[in-house]
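Here are the chains, one letter per residue:
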Protein chains: 2
Amino acid sequence: MENTRPLILITNDDSIDAPGLRCLAEAVRSMGDVIVVAPRHPQSGQSSALTVSAPLRISERPSDIGDNVRFFAVNGTPVDCVKLALHAIVPRRPDVVFSGINHGSNSGINVTYSGTMGAVIEACLLGIPAVGFSLLHHSLKADFGLSTAFVAAIAAEVIAKGLPAGVCLNVNIPARVIPEGIKVCRATRGHWTDEYKRYLDPLGVPFYLLTGHFINDEPEATDTDEYWLQRRYVSVVPVSADQTAHDAVRELTSRFEK
Amino acid sequence: MENTRPLILITNDDSIDAPGLRCLAEAVRSMGDVIVVAPRHPQSGQSSALTVSAPLRISERPSDIGDNVRFFAVNGTPVDCVKLALHAIVPRRPDVVFSGINHGSNSGINVTYSGTMGAVIEACLLGIPAVGFSLLHHSLKADFGLSTAFVAAIAAEVIAKGLPAGVCLNVNIPARVIPEGIKVCRATRGHWTDEYKRYLDPLGVPFYLLTGHFINDEPEATDTDEYWLQRRYVSVVPVSADQTAHDAVRELTSRFEK
């Protein structure tokens, strides 16, 4: 008899060892068969990067959370994990891809750099409904338990009804509280400031390490993820896999087609 | 007297040593002061990845194409180059950022993985008009000369009049021909197939290398970059730095806000 349970592919960017990954697997394992394919090493800030010329290897890890959850590590990026999972690991095409739960925020324009969302956008480009989950808490000891019911509710809705073509979801979850509810909204526009700290090495040569903080450029807007996260809501931002600025095509035609 | 010549920041993903980078600098050097800040090593497929915790170093390289062009190498990604250039290298805020000329296509959905366009999207997020240029020829010996006039024309237009807020440009150039003209269009939707080749290492353990080819999912569409590139036109695709799928916010509200 054919297996008709949904196949759920899970990945992340914090690595196969991250507590948030396990928490996500546990939150959705009752909804289908789960295959976890996650980076061997942390991949924060890897965006949609892929490994162009280095060899990728797959290693299965033991699962201690049930027979319907299998774990694999890949020595690559989140995008590599999705691509290689589909090519060489999954027994059938996944019905859905979930990524996370990320240890730290991916709200606002941070989505651009997010490896968590890189995996989600990859799945979306492949036509598979996909959701990235992030908790606004960087610690490896973050408490994911308060948000589990919301993660499960969003996952169940996407498994049941899919998503619009070309659209995936970026879900952020406030830390240390039971969320007030869910808000569908847009990403906050902002920018980073003081992005590097300068050091001198033992030879007196300068080097730089990334740091800085995010400035919300539209603090008065009430339809953004930052606005709702500050009010203890889970934010759900629909993200387009196609980055074309369709509204600008016509406007720019007269300027560049001469 | 204040320097009022435009400041042009140039980067790429093929590294400081790529011929396409030099070609771009030469094509625009008459339009302003040029500072090149490019990755020390090739960064193809690095998308918007940034270096989270490794030290970044800057080293100036000699310039042999004129006093108004300076070259710097950074041991990071294209996004790192833009961020660190603004933080520690440029004497004033650049008026424009150009990236490329990439050795190889960034048409269609490939823009997602493109380090060339990662740098451009970073500049756009910072509010600076930005354009990525790519030639549909992977060779380091590719002939960029046939397209120089088109690169210069697009660069001059952007320097003169800027771009709409939140929009940057992804320019692709057909190889081995004098282009017929310029077309403003959208990215082709498609997918990659046969993405990995499997090998066995000396111990008999499998590993995988990226390969495959792009399938155009809409070969009959006449408003895409692939369509116009095949007809020997330079394609100009406006790209949105904000990845929110604004049209989907309303549609998804009733499903997820319960």
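Residues numbered from 1 in each chain as written. Chains lettered and ligands numbered in written order. Predicted model: local features only at pLDDT ≥ 70, side-chain atom pairs only at ≥ 80, totals over all residues. Heavy atoms only, no water.

1. Considering the side chain of B:His103
Residues and elements named next belong to chain B. Note the threshold: In DSSP terms, a helix is any run of H or I states spanning at least four residues, a strand is any run of E spanning at least two, and both are numbered starting from the N terminus. Contacts described as polar in this section are N or O atom pairs within 3.5 Å, which, within protein, must combine one atom able to donate a hydrogen with one able to accept it, while residues neighboring in sequence count only if both atoms come from side chains. We call two residues contacting when some pair of their heavy atoms lies within 4.5 Å.
Looking at where His-103 falls in the secondary structure, it is placed in strand S5 (residues 96-103). A polar contact is formed between the side chain of His-103 and the backbone oxygen of Ser-139, at a distance of 3.0 Å. Excluding residues within four positions of it along the chain, His-103 makes contact with Asp-14, Ala-18, Pro-19, Gly-20, Leu-135, His-137, His-138, Ser-139, Leu-140 and Phe-144.

2. Focus on the sheet that holds strand S7 (residues 167-173) of chain B
All names here are of chain B. For clarity, the cut-off: Two strands are counted as paired when DSSP detects at least two bridges linking them. Every axis in this analysis is a line fitted to C-alpha atoms, fitted for helices over the stretch in contact. Angles between the N-to-C directions lie between 0 and 180 degrees.
On the basis of which strands lie adjacent, the open sheet formed by nine strands has the order S3-S4-S2-S1-S5-S6-S7-S13-S8 and mixed pairing. Both edges of this open sheet fall to strand S3 (58-61) and strand S8 (182-184), since each of them pairs with a single strand only. Across the sheet, the mean angle separating the axes of adjacent strands is 25° when strand polarity is ignored. Pairing between S5 and strand S6 (residues 130-135): five bridges, direction parallel. The partner of Val-97 across the bridge, within S6, is Ala-130. Along the sheet, helix H3 (residues 115-125) contacts strand S1 (7-11), S5, S6, S7 and strand S13 (234-240); its crossing angle with S6, the most-contacted strand, is approximately 170°.

3. Things to note about the pattern of salt bridges
Heads up, the rule is: Salt bridges, as used here, are contacts in which a Lys or Arg side-chain nitrogen is within 4 Å of a carboxyl oxygen on Asp or Glu. Type-normalised accessible area, obtained with a 1.4 Å probe on protein chains alone, sets the label of each residue: buried when under 20%, exposed when over 50%, and partly exposed for intermediate values.
Here the structure, examined in full by the defined rule, presents 28 salt bridges over all chains. Between A:Lys183 and B:Glu257 there is a salt bridge; the shortest N-O distance is 3.9 Å. Of the two residues, A:Lys183 is situated in strand S8 (residues 182-184) and B:Glu257 in the segment after helix H6 (246-256); the pairing between them involves two chains. B:Glu257 sits in the partly exposed class, given a relative accessible area of 25%. The shortest N-O distance in the salt bridge between B:Glu218 and B:Arg186 comes to 2.8 Å. Note that B:Glu218 is positioned in the loop between strand S12 (213-216) and helix H5 (225-230) and B:Arg186 in the loop between S8 and strand S9 (190-193), a separation of 32 residues in sequence. B:Glu218 sits in the buried class, given a relative accessible area of 13%. Three or more residues are tied together by salt bridges with common partners; here these are A:Arg186, A:Arg189, A:Glu218 and A:Asp223.

4. Description of H6(B)
Threshold: Summarising the geometry, the arc corresponds to the directions from the helix axis toward the C-beta atoms.
Looking at H6(B), one finds that the buried residues are B:Ala248, B:Val249, B:Leu252, B:Arg255 and B:Phe256. Seen along its axis, H6(B) keeps its buried residues to an arc of 125°; they face one direction. Structural note: H6(B) exposes B:Asp247, B:Arg250 and B:Ser254 on the side pointing more than 90 degrees away from its buried face. In this fold, the buried residues of H6(B) make contact with helix H4 (148-161), strand S7 (167-173), S8 and strand S13 (234-240) of chain A.

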